[in-house]
Each structure stands twice: as structure tokens, then as C-alpha cells.
Amino acid sequence: MTAQILDGKATAAAIKSELAVRVAALKERGIVPGLGTVLVGDDPGSRWYVNGKHKDCAEVGIASIQRELPATASQQDVEDVVRELNADPACTGYIVQLPLPKGLDPNPVLELMDPDKDADGLHPTSLGRLALGIEGPLPCTPLGIVELLRRHQVEINGAEVVVLGRGVTVGRSIGLLLTRKSENATVTLCHTGTRDLAYHLRKADIVVAAAGVPHLVKPEDVKPGAAVLDVGVSRSEGKIVGDVHPGVAEVAAWISPNPGGVGPMTRAMLLNNIVVAAERRADG
Ligand SMILES: Nc1nc(=O)c2c([nH]1)NC[C@@H]1CN(c3ccc(C(=O)N[C@@H](CCC(=O)O)C(=O)O)cc3)C=[N+]21
């Protein structure tokens, strides 16, 4: 038996068509949601991601606001663009593409953002609200993972979830989401200081592999019937190598492909955050 696919590409497409309906309803009320992106420098990967986000916006009817700065931009230059987007009523949400070029400090930039316009859900206020149980934008990758599991009827309630990696975008924040009453999972966060990774993995009903270590999750460590989400992105000879060994597909009941799994869901949740923010604003 080989694992069933947690199809991020198809699920993201379904979510996008649902969002298109909500965007159309907002437009009836005279509101056009707009996503802003701030891209600093000329890293081709970052440019590719930002372009993808604007393509996604066009698909669902969200307006695009693109701001670009050269790699030589000062801290002040970047912060000025953030102030401008905070003040722009056409921009209902935005992201500052990370990482910023060397010499720029991302934290003061992120803190300066209007938390109500935080499309990534990674603003200190957003993470604080999530910890406190106050409504607000949610981190895109964790939210995408929850949606992907839900829409494939994978049980989260009561599940033992093991997360690999303590990065802010996924590992650090996903436990806050999954341990809410509405999700009700038990979450263990493993990292490079974890003494016996296999011990934790063997009891997991759901594995979220976000360490960025190629093929870290081996078939012999996975509980038969588990759901395994491959979030890691490493590159070898131009191809994506995930954190999950291909042999895991023979043990797990569910597996997310990479590419085609969590990545497209992350993008769909960015759009979701923009639409939700615009609806919140419209409803006061
Ligand atoms: N402020 C900010 N917010 C972000 O959300 C953010 C960021 N900065 N910096 C970079 C990372 C990376 N990221 C990805 C999203 C989707 C795919 C994605 O859709 N990937 C495709 C394939 C891509 C390929 O083939 O290279 C897939 O998984 O199927 C990948 C990577 C968002 N990031």
C-alpha cells in the first residue's frame, strides 16, 4: 500500500476559486482587496516568488501593489516604503519578502508594519495574538497545513503531532495553531538539540518536517498509517529535495508531495489573509 497524496496544488486551486467568489462579493460592496509586496535586491529566487504571488492575485481578482528597491537601499529607504503601504488605503495587506539583502535588519522593518495589514501572519503582534487567542492574521504555512489536512479528512483532533524544525515561519508557530481548542492536537517540537528523534517520530500520527535537512525523515522511523507533511526545501542539481525520504510513501497513509504540497497551500493562505483582512475592515 502506498500513501495517498495530500494534493496541495489541487487544494490550493479549489481555495482560490472560493476566494474569487468572496472577492467578487467585496467588489459588489465597492471594496477591492489589494496585496502589496516589498522586494529589496535582485535575488532571482525572491523575484520568482513575488511574481508568483502577483499571478495568484490576478487569478482571484485581488489588486497588486509592487514596490521594488535596489540591493543598495538603506534601512531608512525600506522603512519609508513600509510607512507608505501602511498609509495606502488601496493596500489591504502586504508582505516584505524575506530574506532582506545583507546589511539590512528585518526586525525593525517587520515591527513597523501595521499589524492589521500583515499578510504573512508573522508580525510580532500577529504571533502575540495567536498565542493569546485573539483573532488576527495566521501564519501562512501552518494555516496551509491545517487546511490541507482538513480537506483530506485527516483527523487533527487528539492527534500526536511531531514537528521538526524551530524556524519562526513553520516550526515555532504551528504548535500555537494546532494546540488551539479548535484543532486540539498534542504537539512535540523537535530540533537540532533533540536527543532521540526516532523515538518522537515513531509515536507521531502527523509529522510536519520543516527542518530543511534533506531526507531527514526515514521510512523506518515513521508509524504506519501516519500523515507526513514535507515542508523542507533544499536544492540539489536544480531540483527540490524535501525533508522526507521517498521510502516513507510505503509506510505512511498520507504524504504531501514536494513540490506540489505545502508550497501552493502557503501561497493560497496568503491570499486568504488578504481577503479576510479586507472583509474584517469592511464589516468594521
Ligand atoms: N515575507 C515572506 N513571506 C513568505 O511567504 C516567503 C518569504 N517571505 N520568503 C521566501 C519564502 C518561500 N515561500 C514559498 C512559497 C511557495 C512556494 C511554492 O509554491 N513552491 C512550489 C514549487 C516551487 C519550485 O518549483 O521551486 C511548490 O511547492 O509546489 C515556495 C516557497 C514563501 N516565502
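Residues numbered from 1 in each chain as written. Predicted model: local features only at pLDDT ≥ 70, side-chain atom pairs only at ≥ 80, totals over all residues.

Draft legend 1. Looking closely at helix H7 (residues 168-178). Considered for burial, the residues of H7 that qualify are Val 170, Gly 171, Ser 173, Ile 174, Leu 177 and Leu 178. Where H7 is buried, its residues meet helix H5 (124-132), helix H6 (140-150), strand E5 (160-164), strand E6 (186-190) and strand E7 (206-209). (Buried ≥ 20, exposed ≤ 12 C-beta atoms within 10 Å, placed from the backbone. Helix = DSSP H or I, 4+ residues; strand = E, 2+ residues; numbered from the N terminus. Contact = placed C-beta atoms within 7 Å.)

Draft legend 2. Highlighting the sheet that holds strand E11 (residues 254-255). If you walk across this open sheet you meet the six strands as E1-E11-E8-E7-E5-E6, and the pairing is parallel. Of all strands in the sheet, those bounded by a partner on one side alone are strand E1 (4-5) and E6. (Pairing = 2+ DSSP bridges.)

Draft legend 3. Fine view of the site of the ligand. Taken together, 14 residues sit near the ligand, with Ile 95, Leu 98, Pro 259, Gly 263 and Thr 266 positioned nearest. Of all the secondary structure elements, the ones that give two or more residues to the shell around the ligand are strand E4 (93-96) and helix H9 (262-282). Per-element tally for the shell around the ligand: the top contributor is H9, with four residues. Classifying every residue of the shell around the ligand gives eight nonpolar, four polar and two charged. Of the residues that make up the shell around the ligand, three or more belong to each of domain 1 (28-134 + 265-282) and domain 2 (140-262). (Near = placed C-beta within 6 Å. Nonpolar A, V, L, I, M, F, W, Y, C, P; charged D, E, K, R; others polar. Domains from an automatic or database assignment.)

Draft legend 4. Layout of the environment of Leu 122. Within the secondary structure layout, Leu 122 lies in the loop between helix H4 (106-112) and H5. Separated by 134 residues in sequence, Leu 122 and Ser 256 place their C-alpha atoms 24 Å apart. When residues no more than four places from it in sequence are discounted, the contact partners of Leu 122 are Leu 127, Pro 139, Val 168 and Thr 169.

Draft legend 5. Highlighting the packing of helix H2 (residues 44-60) against H9. Close contact between H2 and H9 brings their axes to 10 Å; oriented N to C, the two are set at 60 degrees. As summarised for this structure, H2 and H9 are arranged oblique, according to the angle between their axes. Between H2 and H9 the crossing geometry is right-handed. Residues Gly 52, Lys 53, Asp 56, Cys 57 and Val 60 of H2 lie in contact with H9, whose contacting residues are Arg 267, Leu 270 and Leu 271. By residue class, the composition of the contact of H2 with H9 is four nonpolar, one polar and three charged. (Axes fitted to C-alpha atoms, helices over the stretch in contact; angles between N-to-C directions. Parallel < 35°, antiparallel > 145°, perpendicular 65-115°, else oblique. Left-handed = near helix turned anticlockwise from the far one by under 90°.)

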